[in-house]
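Each chain, written out:
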Amino acid sequence: LSKSQFHRLWHQYLNESGFDEPTFGKKLSYYSLRHWGITGRLLAKMNHYDVAKLAGTSVKYIEQHYEHMDVDKLEKDALKSPKAVRGNFMFSDN
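No experiment lies behind these values; they were computed from the predicted model shown.

Quick notes on the rules
Residues numbered from 1 in each chain as written. Predicted model: local features only at pLDDT ≥ 70, side-chain atom pairs only at ≥ 80, totals over all residues. Heavy atoms only, no water. Helix = DSSP H or I, 4+ residues; strand = E, 2+ residues; numbered from the N terminus. Buried < 20%, exposed > 50% of the residue type's maximum accessible area, 1.4 Å probe, protein only. Contact = heavy atoms within 4.5 Å. Areas by Shrake-Rupley, 256 points an atom, 1.4 Å probe, with all protein chains shown as cover. pLDDT = per-residue confidence, 0-100.

## Some points on the overall build of the protein
Within the protein, the secondary structure is distributed over 6 helices and 2 strands. Taken from N to C terminus, the helices and strands of the protein fall in the order α-α-α-α-α-α-β-β. Looking at the protein residue by residue over its 94 residues, the buried ones come to 15%. Contacts in the protein between residues at least 24 apart in sequence constitute 24% of all its contacts with a sequence separation of at least 6. Total accessible area computed for the protein in this model is approximately 7700 Å², and 57% of it derives from carbon and sulfur atoms.

## Some details on the confidence of the model for the protein
Here the protein shows a mean pLDDT of 82. Residues at 70 or above account for 83%. Taken element by element, the predicted model of the protein shows its lowest mean pLDDT in strand β2 (residues 88–92) (57) and its highest in helix α4 (residues 48–55) (95).

Written out as structure tokens, the structure is:
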């Protein structure tokens, strides 16, 4: 496929699936599909090495760009309780 044919098919797919910008409210690119795939695999707790291999990138890239996807750490941090220590707020695991 030429670049122009690919873009025409990509936009046709977005329009027919309801993911076009006017309907979805956000402009999606082919990179959005890659990001969605990586994010989904990380949320399914696939290890970083396997995700990197599937995405054709490095583990370092996955860790740098998707570290916010460490759901277990996010949940643990969100449940920490604030407490005052010397006039500052600190967080504990209680």
